[in-house]
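Tertiary structure, described
Here is how the chains run, residue by residue.
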Amino acid sequence: MSVWKRLFCHKPWRYAVSGIIGAAVVFLILRGDYGRGTAWANGLTTGGSVLILLGLLGFVHYHGAFDTFGYAFSTFQDRRWKDLPAYRDAKQGKRIKGGWTFMPAITVGAVLLLAGLILWSTG
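What this report covers is the structure whose coordinates are included nearby. (Residues numbered from 1 in each chain as written. Predicted model: local features only at pLDDT ≥ 70, side-chain atom pairs only at ≥ 80, totals over all residues. Heavy atoms only, no water.)

1. Section: helix α6 (residues 103-122)
The test is simple: Secondary structure elements are defined from DSSP: runs of H or I of at least 4 residues count as helices, runs of E of at least 2 residues count as strands, and each element is numbered from the N terminus. Expected span of a helix, by definition, is 1.5 Å for each gap between consecutive residues, and there is one gap fewer than residues. Buried means the residue's accessible area, taken with a 1.4 Å probe over protein chains only, is under 20% of the maximum for its type, while exposed means over 50%, and partly exposed covers the values in between.
A rise of 1.5 Å per residue sets the reference length of α6, with its 20 residues, at 28 Å; its end C-alpha atoms lie 29 Å apart and thus fit the reference within 8%. Within α6, the full set of buried residues consists of M103, P104, A105, I106, T107, V108, G109, L112 and G116.

Have a look at this one:
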């Protein structure tokens, strides 16, 4: 899979969900103050930052930062893995086959952040 496809070619609903989350954060920050440019700049930069941070959290999860917690919670069910390294290897195999599902949040967040910074610089 090429880098371009892994970065930007995802299902449209992932971008839509990221856009809805970003818009919700923007409108929560605005709280009815639609007339001022600085309010829009604050809302867009905050919404973009929140989406980028959520995407980066997904990036860390993709690389296995929370595998220990997943293995610990698997003790409440029928455990299919002998130990933590076996669990981590099984999850790593699934990650290699899957795509970078965290990238739509980072992409939409970067667009919102860029729009907010442009509004912020124009005053």
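Next, the rest of the story.
2. Here's the deal with the packing of helix α2 (residues 12-30) against α6
To keep it simple, the criterion reads: Axes here mean lines fitted to C-alpha atoms, for a helix over just the part in contact, with angles spanning 0 to 180 degrees between N-to-C directions. Angular relationships are summarised with four words: roughly parallel below 35 degrees, roughly antiparallel beyond 145, roughly perpendicular across 65 to 115, and oblique for the angles in between. Here is the rule for handedness: rotate from the far helix to the near one, and if that takes an anticlockwise turn smaller than a right angle the crossing is left-handed, while a clockwise turn gives right-handed. Whether two residues are in contact is decided by their heavy atoms: any pair within 4.5 Å suffices. The residue classification treats Ala, Val, Leu, Ile, Met, Phe, Trp, Tyr, Cys and Pro as nonpolar and Asp, Glu, Lys and Arg as charged. All others, Gly included, are polar.
Packing of α2 against α6 leaves a shortest axis separation of 9 Å and a crossing angle of 45°. Taken as axis vectors, α2 and α6 run oblique relative to one another. Remark: the crossing between α2 and α6 carries right-handed chirality. In this structure, α2 contributes R14, Y15, S18, G19 and G22 to the contact, and α6 contributes P104, A105, T107, V108 and L112. When its residues are assigned to classes, the contact of α2 with α6 shows five nonpolar, four polar and one charged.

3. Digging into the packing of helix α3 (residues 37-62) against α6
It is at 7 Å that the axes of α3 and α6 come closest, and there the two elements cross at 155°. Classified by the angle between their axes, α3 and α6 sit roughly antiparallel to one another. Relative to α6, the crossing made by α3 is left-handed. Across the contact of α3 with α6, the residue classes break down as 16 nonpolar, nine polar and no charged.

4. Examining the nonpolar core
This is how it is decided: Only buried residues count toward a nonpolar core. Its members are Ala, Val, Leu, Ile, Met, Phe, Trp, Tyr and Cys residues joined through side-chain atoms within 4.5 Å.
Core analysis: the biggest nonpolar cluster contains seven residues, these being V26, L30, A39, L44, L51, V108 and L112. Contributions of two or more residues to this core are made by α2, α3 and α6. A total of three residues in this core trace back to one element, the largest contributor, which is α3. Residues within four places of L30 in sequence aside, it is in contact with A39 and W40.

5. Topic: α2
Threshold: The arc in question is the one spanned by the directions pointing from the helix axis to the C-beta atoms.
Taking 1.5 Å of rise per residue, the 19 residues of α2 would be expected to cover 27 Å, and the 27 Å separating its terminal C-alpha atoms lies within 8% of that figure. Residues of α2 that are buried include every one of S18, G22, V25, V26 and L30, and no others. Buried positions in α2, seen along its axis, are confined to an arc of 140° and lie on one side of it. Away from the buried face of α2 by more than 90 degrees, exposed residues I20 and L28 are located. The inward-facing, buried residues of α2 contact α3 and α6. Phi for R31, located one or two positions after α2, is positive at around 50°.

Honestly, it's all geometry; don't read function into it.
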